[in-house]
Amino acid sequence: MSTSEAEAFYEREADDRFLPTANTRGPWDVGSQHAGPPAALLGLAVEQRPGGRPDMRVARLTYEIMRPVPIQPLAVATRVLRAGRSVELVEAALTPDGGQEVMRVTALLMKTVPDSVPQVSPGRQVPGPGAVPPKAFFPVPWEQGYHTAMEVRFAAGSFLEPGPGTAWMRMRVPLVAGEEITPLSRVLTAADSGNGVSAALDFHRYVFINADLTVSLHRHPEGEWVCLDARTMVDGAGIGLAESALHDEKGPLGRSTQSLYVAPRS
């Protein structure tokens, strides 16, 4: 198995091929990635699409997570589904070597014209990351992974307290070795953690796995910190929804949702 030892989530081996590091490892399976880094990798592919226009900005990304993303080399394939004057639709997919496609995103981009309309951004303000102390992830059976590559500060709740939570998150390492982190990458690396931040059930007794992720942004993110003001709802039949209001230190910037498969642990 070919992986990278770089101090990042990935190392770029070619324009469309990436080697994961141990920083991508999720908390549940030693051989699988947390969905945050591959979501950000697909977002980066959308941002770096050939022929991309500088006046087009990502407004919404919808991910389908078909199966766990293995810690193996990943190929990224990107195509433009629609290139309109004001709206663009782009698709990107991840496939491990010799395997089946594991994750796909459809991104909606919109034309921007700075200061062309009044700015309106209502929403609940949350305490900034400087006002709250760091908190550790829940116990993880391996030393290195997503849980060590991200700094987390809870303004409310914690990973070990069932119920809504408000967590600031910051990447400790770059997404791709030797490359500057884009503001969108910072949001996408964190956004898949909403169901963990707001876990409504005891994770020792139940699984609550998200099969998708949708991130909608009305404003371009700024700064290193991303906040998930998250809550989870679960129906007794085994379907749940995690919803997060997304913030940076400037204020609200969008929302993310995750559809959850919920079941007792076997």
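Residues numbered from 1 in each chain as written. Predicted model: local features only at pLDDT ≥ 70, side-chain atom pairs only at ≥ 80, totals over all residues. Heavy atoms only, no water.

Asker: I'm lost on the overall build of the chain in this one. Help?
Answerer: Secondary structure summary: the chain contains four helices and 13 strands in total. The C-alpha atoms of the chain give 18 Å as radius of gyration, which agrees with the globular expectation for 266 residues (18 Å, within 12%). Projecting the C-alpha coordinates of the chain onto the three principal axes gives extents of approximately 50 × 50 × 40 Å. Classification of the 266 residues of the chain by burial places 51% in the buried group. Considering only contacts within the chain whose residues lie at least 6 apart along the sequence, 65% involve residues at least 24 apart. If you sum the accessible surface of the chain, you get close to 12,600 Å²; carbon and sulfur atoms cover 52% of it. Treating the 25 positive side-chain charges of the chain as one cloud and the 30 negative ones as another, the clouds have centres 6 Å apart. (Helix = DSSP H or I, 4+ residues; strand = E, 2+ residues; numbered from the N terminus. Rg over C-alpha atoms; globule rule 2.2 N^0.38 Å. Buried < 20%, exposed > 50% of the residue type's maximum accessible area, 1.4 Å probe, protein only. Contact = heavy atoms within 4.5 Å. Areas by Shrake-Rupley, 256 points an atom, 1.4 Å probe, with all protein chains shown as cover. Lys, Arg positive; Asp, Glu negative; His and termini not counted. Charge placed at Lys NZ, Arg CZ, Asp CG, Glu CD.)

Asker: Where do I start with the pattern of salt bridges in this structure?
Answerer: Should their charged atoms come close, side chains of opposite charge can pair. Evaluation of the coordinates by the stated rule reveals 14 salt bridges. The partner of Arg 104 in a salt bridge is Glu 91, with the nearest N and O atoms 2.6 Å apart. Placement of Arg 104 in strand β6 (residues 103-111) and of Glu 91 in strand β5 (residues 87-96) is noted, with a sequence separation of 13 residues between them. Measuring nitrogen to oxygen at the nearest pair gives 3.1 Å for the salt bridge that ties Glu 151 to Arg 153. What emerges from the salt-bridge pattern is a single network uniting Arg 79, Glu 91, Glu 101 and Arg 104. (Salt bridge = Lys/Arg side-chain N within 4 Å of Asp/Glu carboxyl O.)

Asker: Would you take a moment to explain the nonpolar core for this structure?
Answerer: Within soluble globular proteins, side chains that are nonpolar tend to cluster in buried spots. Core analysis: the largest hydrophobic core is formed by 64 residues, its most contacted members being Phe 9, Tyr 63 and Met 103. The element contributing the most residues to this core is helix α1 (residues 36-47), with seven residues. If you look at the next biggest cluster of nonpolar residues, it comprises five residues, including Val 132, Trp 168, Trp 225 and Cys 227. (Core = buried A, V, L, I, M, F, W, Y, C linked by side-chain atoms within 4.5 Å.)

Asker: It is not clear to me how the side chain of Ser 32 should be interpreted in this structure. Could you clarify?
Answerer: Tracing the chain through its elements places Ser 32 in the loop between β2 (17-20) and α1. A polar atom in the side chain of Ser 32 sits 2.9 Å from the side chain of Asp 29. (Polar contact = N/O pair within 3.5 Å; in protein donor to acceptor, adjacent residues only side chain to side chain.)

Asker: Before we go on, may I ask you to explain helix α3 (residues 183-191) in this structure?
Answerer: Two residues of an α-helix separated by three or four positions point the same way, owing to the 3.6 residues in each turn. In terms of burial, α3 is largely enclosed, as eight of its nine residues are buried. Buried within α3 we find Leu 184, Ser 185, Arg 186, Val 187, Leu 188, Thr 189, Ala 190 and Ala 191.

Asker: Where do I start with the side chain of His 247 in this structure?
Answerer: Mapped onto the secondary structure, His 247 falls in strand β12 (residues 239-248). In contact with His 247, other than residues within four places in its own chain, are Arg 124, Val 126, Trp 168, Trp 225, Val 226, Cys 227, Asp 229, Pro 252 and Leu 253.

Asker: What am I meant to see in the pairing of strand β1 (residues 10-14) here?
Answerer: Sheet analysis places β1 next to β2, joined by four bridges and oriented antiparallel. Within the sheet, the bridge partner assigned to Arg 12 lies in β2 and is Phe 18. (Pairing = 2+ DSSP bridges.)

Asker: Sorry, what's going on with α1 here?
Answerer: Relative to the 16 Å expected for 12 residues at 1.5 Å per residue, α1 spans 17 Å between its end C-alpha atoms, a close match to the ideal helical length. Within α1, 11 of the 12 residues are buried, which leaves it mostly tucked inside the rest of the structure. Three or more residues of α1 are buried, namely Gly 36, Pro 37, Pro 38, Ala 39, Ala 40, Leu 41, Leu 42, Gly 43, Leu 44, Ala 45 and Val 46. (Expected span 1.5 Å × (residues − 1).)

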